[in-house]
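Report on the structure
Residues per chain, in single letters:
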Amino acid sequence: MYTFGDSALATRRLDVLADSFDRSSADFLSEYGLRGINLAVDLGCGIGRTTDLVAAASEARLVVGLDTSDSFLCRAREGRTNIRFLEHNVTATPFPVGPADLVYCRFLLTHMHSPGMVVRSWLDQLALGGRLLLDEVEEVEVSGALLKDYQAAVNALLKQHGQQLHVGPLLNAVSSSLPAETLCSRTVTVRPTPRQAAEMFYLNTRSWGREPVLNDIFGVEHMRTLVRGLGELVRSGVGARASWQIRQIALRRG
């Protein structure tokens, strides 16, 4: 389950997220991806922003984005004639294409119930010598009561769905037991602008702020206050200071 949905608000969130994290992802793909290959696959491609990064870094003959959201895929296909976008649940293998020389995902395993098992299944979709690159959250640091309230809410929501925001440490721990060579397991720091951070948080709460489970845990008025407070940060231009530690793991199938 993708916790943040696929509404217009969620689409805008993906654009803001891409503006914030594309540079670190592009550097990762450039350093540990493969170039001039036959097939590259972007898992949970959303609106296609990460797929553009995969296409640029790999120069693959065929680049395919996979996602379950029809609305995201429709947006992704706009103006992109050199990339195929297919509706597919990425936890279901085999993929509708393959075997792939490069498989990439960003901020997707956070939404999986058993991320280690999912990664293992993805390795089976690689060609010999193919690479799996993972971009996931290690830790998010925020300051101030409002942002800490936001963190508590998002962590509670993910927990209710059997998911976790800070999935990076788990992936780092299981990577050594996977049937693949670990080329890289590192953390990089990303600091979006205060306005970008505030807008991401605000759009998130607009997407899931009325979830009954959150109202039960924190109270309706608390959630309304949280949404209003984040909206005021965006409108004021003051923004929110937050720092992400991103776990980047590159695996090679032997």
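Structure: above.
Residues numbered from 1 in each chain as written. Predicted model: local features only at pLDDT ≥ 70, side-chain atom pairs only at ≥ 80, totals over all residues. Heavy atoms only, no water.

**Focus on the packing of helix α5 (residues 145–160) against helix α9 (residues 220–236)**
Direction vectors running N to C along α5 and α9 enclose 125°, while the axes themselves pass 10 Å from each other. Looking at the two axes, α5 sits oblique to α9. Seen along the crossing, α5 lies across α9 with a hand that is left-handed. Across the interface between the two elements, Leu146, Leu147, Asp149, Tyr150 and Ala153 of α5 pack against His222, Met223, Leu226, Gly229, Leu230 and Leu233 of α9. (Axes fitted to C-alpha atoms, helices over the stretch in contact; angles between N-to-C directions. Helix = DSSP H or I, 4+ residues; strand = E, 2+ residues; numbered from the N terminus. Parallel < 35°, antiparallel > 145°, perpendicular 65-115°, else oblique. Left-handed = near helix turned anticlockwise from the far one by under 90°. Contact = heavy atoms within 4.5 Å.)

**As for the pairing of strand β4 (residues 100–106)**
Taking burial as the measure, the seven residues of β4 include seven buried ones, the bulk of the element. Of the strand pairs in this sheet, strand β1 (residues 39–43) and β4 are connected by four bridges, and their pairing is parallel. Across the sheet, residue Ala40 finds its bridge partner in β4, namely Leu102. (Buried < 20%, exposed > 50% of the residue type's maximum accessible area, 1.4 Å probe, protein only. Pairing = 2+ DSSP bridges.)

**Let's talk about the sheet that holds β1**
Across a sheet, paired strands are connected by hydrogen bonds in the backbone, their directions being either parallel or antiparallel. Across the sheet, seven strands lie side by side as β3-β2-β1-β4-β5-β7-β6; this open sheet has mixed pairing. Each of the sheet's edge strands pairs with one partner strand only, and the pair in question is β3 (84–87) and β6 (181–190). With direction set aside, neighbouring strand axes in the sheet form an average angle of 20°. With eleven bridges connecting them, strand β5 (residues 126–142) and strand β7 (residues 242–252) associate as antiparallel partners. Across the sheet, Glu139 pairs through a bridge with Gln245, a residue of β7. Each of β1, β2 (62–67), β3 and β4 is contacted by helix α2 (residues 49–58), which is oriented at about 145° to β4, the strand it contacts most. Strands in contact with helix α7 (residues 194–208) are β5 and β7; relative to β7, the strand with the most contacts, it is inclined by about 80°.

**Some words on the environment of Ala18**
Within the fold, Ala18 resides in helix α1 (residues 8–32). Put simply, Ala18 and Leu86 are 68 residues apart on the chain and 20 Å apart in space, counted from C-alpha to C-alpha. With sequence-adjacent residues up to four places away left out, Ala18 is seen in contact with Arg49 and Arg106.

**Describing α5**
Along its 16 residues, α5 runs 23 Å from first to last C-alpha, staying within 8% of the 22 Å computed at 1.5 Å per residue. Residues of α5 that are buried: Leu147, Tyr150, Gln151, Ala153, Val154, Ala156, Leu157 and Leu158. Elements that come into contact with the buried residues of α5 comprise β5, α7, α8 (212–218) and α9. Just past α5, the residue Gly162 takes up positive phi, approximately 70°. (Expected span 1.5 Å × (residues − 1).)

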